[in-house]
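Given next are the chains, with one letter for each unit.
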Amino acid sequence: MANGQWYPPEWPERIRALAEGRLTPVAPRRAATVMLLKDTDTTPVVHMLRRRASMAFAGGAYAYPGGGVDGRDDDRQIRWAGPTRAWWAERLGVDETTAQAIVCAAVRETYEEAGVLLAGPTPDTVVGDTTGEEWEADRAALVARDFSFAEFLDRRGLVLRSDLLGVWTRWITPEFEPRRYDTWFFVAALPEGQRTRNASTEADRTVWIHPGDAADGYDKGELLMMPPTIATLRQLLPYATAAEALAAAPARDLTPVLAKARLENGKVVLSWPGHDEFTKHIPTGGAPA
């Protein structure tokens, strides 16, 4: 491949099946992922993890901490700081209980996969070091889904800091994929006193990397990424600090990006509206071009 665009070998046949009406799309599951930023002397760096090659979905690809929404996180009112649930509901295009669950997913996945917790004992504080044995036991229990994130916050008397998040964009997995996600991408800054670590069982490597360097690695075919990952990295390039990126988030367009596949002159054309660089032309029985 000319670049690092993730492209599974089974896609051409699934795309043809969808175009010919032989494949019924599965319903996407709601999900959240977080571009965690920290400032350097030059530009912000973003925390990325490399998914294990053995993973069924996007194995070997670089991504951000993220995962599916837990429906249990909409069943209780948690202690909440920042924009109201009503504000988040309007911004995300969902009802208030679903908005709470999506924001909880963003904060929970950042904690589960990077060890960073966007919550504190009061509305204007954030916890410090979260690497102790008790914290780790709770993090492992969250990963095992022994209790919900809302229950975790309640048990520890913590306030979720929704003001430390900005929602950036929304992508929906293509209709021909067997595993589909309706994913909201968030930005956040690494809280003072906390540090990241590879806490994910799904990743074999984590890095702090300048978005430009990551994009260069993708362009050279050295770093494998899914389209929304490289697209969001390029979108971060204009910002000189994490605070600037967070300040820009409220004005971002959240119209979902969904890949389209069509038959054209004996080929399948795969495209992502608004992102021409990802367009693929797939001849019958051939490889994408």
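Preceding block: the structure.
Predicted, not measured: the structure shown is a model, and the values here were computed from it. (Residues numbered from 1 in each chain as written. Predicted model: local features only at pLDDT ≥ 70, side-chain atom pairs only at ≥ 80, totals over all residues. Heavy atoms only, no water.)

Student: In this structure, what is going on with the overall build of the protein? I would like to understand it.
Tutor: A count of helices and strands for the protein gives eight helices and 14 strands. Relative to a compact globule of 289 residues, whose C-alpha radius of gyration would be 19 Å, the protein shows 19 Å and is just as compact. Projected onto its principal axes, the C-alpha coordinates of the protein cover approximately 60 × 40 × 35 Å. Out of the 289 residues belonging to the protein, those deemed buried represent 52%. Put simply, 69% of the contacts in the protein that link residues at least 6 apart link residues at least 24 apart. Of the roughly 12600 Å² of accessible surface on the protein, 49% is carried by carbon and sulfur atoms. Across the protein, the 33 positively charged side chains and the 40 negatively charged ones have centroids separated by 4 Å. (Helix = DSSP H or I, 4+ residues; strand = E, 2+ residues; numbered from the N terminus. Rg over C-alpha atoms; globule rule 2.2 N^0.38 Å. Buried < 20%, exposed > 50% of the residue type's maximum accessible area, 1.4 Å probe, protein only. Contact = heavy atoms within 4.5 Å. Areas by Shrake-Rupley, 256 points an atom, 1.4 Å probe, with all protein chains shown as cover. Lys, Arg positive; Asp, Glu negative; His and termini not counted. Charge placed at Lys NZ, Arg CZ, Asp CG, Glu CD.)

Student: Explanation requested: the side chain of serine 162 in the structure shown.
Tutor: Mapped onto the fold, serine 162 is located in the loop between strand E7 (159-161) and strand E8 (165-172). Separated by 3.1 Å, the side chains of serine 162 and tryptophan 88 make a polar contact. Discounting residues that sit within four places of it in the chain, serine 162 has contacts with Trp80, Ala81, Gly82, Pro83, Trp88 and Val103. (Polar contact = N/O pair within 3.5 Å; in protein donor to acceptor, adjacent residues only side chain to side chain.)

Student: What should I look at first to understand the sheet that holds strand E14 (residues 275-283) in this one?
Tutor: In sheet architecture, strand pairing relies on hydrogen bonds along the backbone and comes in two forms, parallel and antiparallel. The sheet built from three strands is open, its strands ordered E12-E13-E14 with antiparallel pairing. Only two strands of the sheet have a single partner each, and these edge strands are strand E12 (260-264) and E14. For this sheet the average axis-to-axis angle between neighbouring strands, irrespective of direction, equals 20 degrees. Summarising the sheet, strand E13 (residues 267-272) and E14 pair through five bridges and their orientation is antiparallel. The residue bridging valine 269 from the neighbouring strand is histidine 281, located in E14. (Pairing = 2+ DSSP bridges. Axes fitted to C-alpha atoms, helices over the stretch in contact; angles between N-to-C directions.)

Student: Can you walk me through the sheet that holds strand E5 (residues 80-81) in this structure?
Tutor: Taking strand neighbours across the sheet as the criterion, the three strands line up as E5-E7-E6 in an open arrangement whose pairing is mixed. Only two strands of the sheet have a single partner each, and these edge strands are E5 and strand E6 (119-120).

Student: Could you clarify how one ought to interpret the pattern of salt bridges in this entry?
Tutor: Should their charged atoms come close, side chains of opposite charge can pair. For the structure on display, the rule yields 15 salt bridges. Arginine 22 serves as the salt-bridge partner of glutamate 13, at 3.2 Å between the closest nitrogen and oxygen. For glutamate 13, a relative accessible area of 43% corresponds to the partly exposed category. Here glutamate 112 ties to arginine 145 by a salt bridge, and the two come within 2.7 Å at their closest N and O atoms. Taken together, the residues span a long stretch of sequence, with glutamate 112 in helix H3 (residues 96-114) and arginine 145 in the loop between helix H4 (133-143) and helix H5 (149-156) at a distance of 33 residues. Glutamate 112 sits in the buried class, given a relative accessible area of 5%. Residue classification places arginine 145 among the partly exposed positions, given a relative accessible area of 31%. One continuous salt-bridge network, built from bridges that share partners, spans Asp73, Arg108, Glu109, Glu112 and Arg145. (Salt bridge = Lys/Arg side-chain N within 4 Å of Asp/Glu carboxyl O.)

Student: I would appreciate a short explanation of a negative patch on the surface in the present structure.
Tutor: A grouping of Asp74, Asp75, Asp95 and Glu96 is seen on the molecular surface, where their side chains present a negatively charged patch. Relative to the helices and strands, aspartate 74 is located in the loop between strand E4 (66-68) and E5. (Patch = residues over 30% accessible without salt bridge, like charges linked within 9 Å, V, L, I, M, F, W, Y side chains within 5 Å.)

Student: Explain H3 here, please?
Tutor: Counting along an α-helix, one turn takes 3.6 residues, and residues three or four places apart therefore face a common direction. The first and last C-alpha atoms of H3 sit 27 Å apart over 19 residues, in line with the 27 Å expected at 1.5 Å per residue. Of all 19 residues that make up H3, 17 are buried, and the element is covered over most of its length. Glycine 115 sits one or two residues past H3 and shows a positive phi near 75 degrees. (Expected span 1.5 Å × (residues − 1).)

Student: I tried to follow the packing of aromatic side chains on my own but got confused; where do I start?
Tutor: Each aromatic ring pair is characterised by the separation of its centres together with the angle its planes make. The full count for this structure, using the stated rule, is ten aromatic pairs. Ring geometry for tyrosine 111 versus tryptophan 135: centroids 6.4 Å apart, planes at 85 degrees, classification edge-to-face. Placement of tyrosine 111 in helix H3 and of tryptophan 135 in helix H4 is noted, with a sequence separation of 24 residues between them. The same class applies to tyrosine 111 and to tryptophan 135, which are both buried. (Phe/Tyr/Trp six-rings, centres within 6.5 Å; stacked < 30°, edge-to-face > 60°.)

Student: Please clarify how the nonpolar core should be interpreted in this entry.
Tutor: The nonpolar side chains of a soluble globular protein tend to be buried, and buried together. One finds Leu92, Leu117, Phe152, Leu165 and Phe186 to be the most contacted residues of the largest nonpolar core, which totals 41 residues. When residues of this core are traced back to their parent elements, those giving at least two are strand E1 (29-38), helix H2 (85-92), H3, H4, H5, E8 and strand E9 (181-189). The greatest single-element share of this core, amounting to ten residues, is contributed by H3. Among all residues touching phenylalanine 152, those that are not within four sequence positions of it are Tyr111, Leu117, Trp135, Asp138, Leu142, Phe147 and Leu158. In terms of nonpolar packing, the next biggest core, distinct from the first, is built from 37 residues, Tyr62, Trp168, Ala259 and Ile282 among them. (Core = buried A, V, L, I, M, F, W, Y, C linked by side-chain atoms within 4.5 Å.)

Student: Would you explain the pairing of E12 in this entry?
Tutor: The side chains of a regular strand alternate between the sheet's two faces. Sheet topology places E12 next to E13; five bridges connect them, and they run antiparallel. Paired with arginine 262 across the two strands is valine 269, which belongs to E13. Once E12 ends, the chain turns through two residues before running back antiparallel as E13, passing asparagine 265 with a positive phi of about 55 degrees.

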